[in-house]
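These are the residues of each chain, in order.
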Amino acid sequence: MIEVTNLSKYFGDVAAVADISFRVESGQILGFLGPNGAGKTTTMRILTCFLPPSSGSARVAGHDVVEESMQVRRKIGYMPEHPPLYNDMTVRSYLGFVARIKGVGGAQLKSAVDVTMERVALTEVENTIIGHLSKGYRQRVGLAQALVHDPPVLILDEPTVGLDPKQIIEIRQLIKGLGGDHTVILSTHILPEVSMTCERIVIINNGKLAGEGTPESLTAQLREADSLLAEIGGPRAAVRAVLEQVGGVLQVTSDGDGDGDDAGPGTYTITTRPGTDVREALARAVVEHGFALRQLRPLDMSLEDIYLRLTTEEASVRDA
Amino acid sequence: MRNMIAVYAKEMRSYFVSPVAYVIAGVFLFLSGYLFRNILMQFNQWCLIYAQRAQMMNMSGMPSLNLNELVVTEFFAVMDFIWLLVIPMLTMRLFAEEKKTGTIELLLTSPVSTVQLLLGKFLACLSLYAMIVALTLVYFGILELYGSPDWGPIFSGYLGYLLLGGAFISVGILGSALTENQIVAVLVSFGMLLLLWLIDWSASFAGPTSAKILKYLSFIEHLQDFQRGVIDTKDVVFYLSFIFFSLFVTSRVIESRRWRR
């Protein structure tokens, strides 16, 4: 449904997006993950025909964003980072205007607006002037304008920014419900959002692709080393020394390092050589030295770790 | 067409739900009413002096003073200067505000062509202008009550006004499309309009050919025929081609974001 091939965008000499390629299948929800300033918005603006690419190409629903911009624009619903609202209009008249310029015909216009307002729970404020709405409602109107003409492709730029937790959950559920019928690209810098709503993830950082795959495959891809989490009672330095002696252990870090309280129980993250299970050896070593083993479990790499890892690795490569 | 109407309706709505239309109409009508009153008083004075002189010189059967020449034309001449000041304020928000608030992102990612967008906005502004200008017809109704003005030149004068307004608005929209700051938009459009207004002044110091060109470009030059009751295709073509040209430049400005790779 969406095909991005070697896409680059330069502003002057600065590359906002550099040589990105990815695909989104029909009906899929793609999470577009990256820190602020990574190039998410620029990529989305290219996909919505707002900006032209410097090189490379992007196709939406089979149409090229540069050559067949009108066809692409007919097929997409776009929610920019700052919802494009007219503060002097009421919610109903605003959605009516958007539906009209998106090509919704006279007969279906009213029902399209009604259905959309129902969908994002705006019916109660339909005659309120947008300028008087709270941030949460404004965000919902922004989402409504992307949905009103029921486009096959939805491009949502940080749709949950500035909402309270309850609203965030509502919006996420709504977006999740859009998958299947709609192809969705959702950008965010909030990780749980992606793991909760998206089937596939593209991570970008500094304009470059830093990782791509399902949440599971990304986790697997990054498991070059296994880690364990251990909670052990005893003097930290001594415990650490013992842990480091066990065969297969690469690195040990502990939580409360340097806080002066050396005696209390500490939490240790133990990185081990991949494919080796050192849990039994570890447990034995700890007990043999007279420390109290309170907890020992394998640490799965969360998406958060992947994200941090991918983006910081990029940074260290660049700094070197 | 449907897109253009949607944009047109949105712009009209926004003029009338904000105080903009009312304030501009109010200020304009107050100023033009004040000027019209003064022109009338002046005409009255001239009539008195004229009548006294005629009596003193004992000349009967002298032609009476021309109401159209001394009131109607005079009034039109001051009205266009007020519009020169007011129109940039009508047009300043048309694109600058969309850029500032980010709604331009909605418009340019919707299946609306630049021409539809531009024409919708242009026609909305022109209609508001025409409505306010039409209200000044009341003044000539007052003339009709007490005298007998010739309505031909009045109507052709209004046609000239519609064309002049279109030209002013097209320049104002260009100014608005160039920036996202409304104050900059006003100043740029005002500067361009004033330059076009005064362009024939430099004609007096230019060579014969350039003098002709400069005179041709002047806004007032082409308005005078209309106010005398002459509808000359040359003048109509001038205004229409001017409007076309500046709207064309504006559309290029808006689309330029699509070529800047």
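Residues numbered from 1 in each chain as written. Chains lettered and ligands numbered in written order. Predicted model: local features only at pLDDT ≥ 70, side-chain atom pairs only at ≥ 80, totals over all residues.

Here the focus is the overall build of chain A. Helix and strand content of chain A: eleven helices and 14 strands. The 320 residues of chain A split such that 41% are buried. Across chain A, the fraction of contacts at a sequence separation of at least 24, relative to all contacts at a separation of at least 6, is 69%. (Helix = DSSP H or I, 4+ residues; strand = E, 2+ residues; numbered from the N terminus. Buried ≥ 20, exposed ≤ 12 C-beta atoms within 10 Å, placed from the backbone. Contact = placed C-beta atoms within 7 Å.)

Looking only at helices and strands, chain B features twelve helices and zero strands. Ordered by position from N to C terminus, the α and β elements of chain B give α-α-α-α-α-α-α-α-α-α-α-α. Overall, the C-alpha framework of chain B stretches about 80 × 50 × 30 Å when taken along its three principal axes. Sorting the 261 residues of chain B into buried and exposed places 34% on the buried side. Put simply, 79% of the contacts in chain B that link residues at least 6 apart link residues at least 24 apart.

So, on to the sheet that holds strand β3 (residues 29-33) of chain A. Residues and elements named next belong to chain A. As summarised here, the arrangement of the six strands in space is β6-β7-β8-β3-β9-β10, forming an open sheet in which the pairing is mixed. Since the sheet does not close on itself, it has two edges, and those belong to β6 (76-79) and β10 (208-213), each with one partner. Here the average twist between neighbouring strands, direction ignored, is 15°. Bridge analysis of β3 against strand β9 (residues 200-205) gives four bridges, and the strand direction is parallel. Bridge pairing in β9 links Phe32 to Val202. Packed onto the sheet, helix α1 (residues 40-47) meets β3, β7 (153-157), β8 (183-188) and β9 and runs at close to 150° relative to β7. (Pairing = 2+ DSSP bridges. Axes fitted to C-alpha atoms, helices over the stretch in contact; angles between N-to-C directions.)

So, about the interface of chain A and chain B. Bring the parts together and some accessible area is lost; that lost area is often taken as the interface size. Taken together, the 22 residues of chain A in the interface contact 21 residues of chain B. Mapped onto the side of chain A that touches chain B, the elements with two or more residues apiece are α2 (69-75) and α3 (91-101) of chain A.

Attention shifts here to helix α4 (residues 93-101) of chain B. Residues and elements named next belong to chain B. Those residues of α4 that fall on the buried side of the exposure criterion are Arg93, Leu94, Phe95, Ala96 and Glu98. Looking at the packing, one finds that the buried side of α4 touches α3 (67-91), α5 (103-108), α6 (114-135), α8 (151-177) and α9 (182-198). Taken from the residues just after α4, Gly102 is the one with a positive phi, measuring 90°.

Glancing now at the packing of α6(B) against α8(B). Residues and elements named next belong to chain B. Look at α6 against α8: their axes get within 10 Å of each other, and the N-to-C directions meet at 135°. In terms of orientation, α6 lies oblique with respect to α8. Handedness of the α6/α8 crossing: right-handed. The segment α6 lies against α8, with Lys121, Phe122, Cys125, Leu126, Tyr129, Ala130 and Val133 engaging Tyr161, Leu162, Gly165, Gly166, Ile169, Ser170 and Ile173. Split into classes, the residues belonging to the contact of α6 with α8 amount to ten nonpolar, three polar and one charged. (Parallel < 35°, antiparallel > 145°, perpendicular 65-115°, else oblique. Left-handed = near helix turned anticlockwise from the far one by under 90°. Nonpolar A, V, L, I, M, F, W, Y, C, P; charged D, E, K, R; others polar.)

So, to be careful, I would describe these as geometric facts and stop short of saying anything about function.
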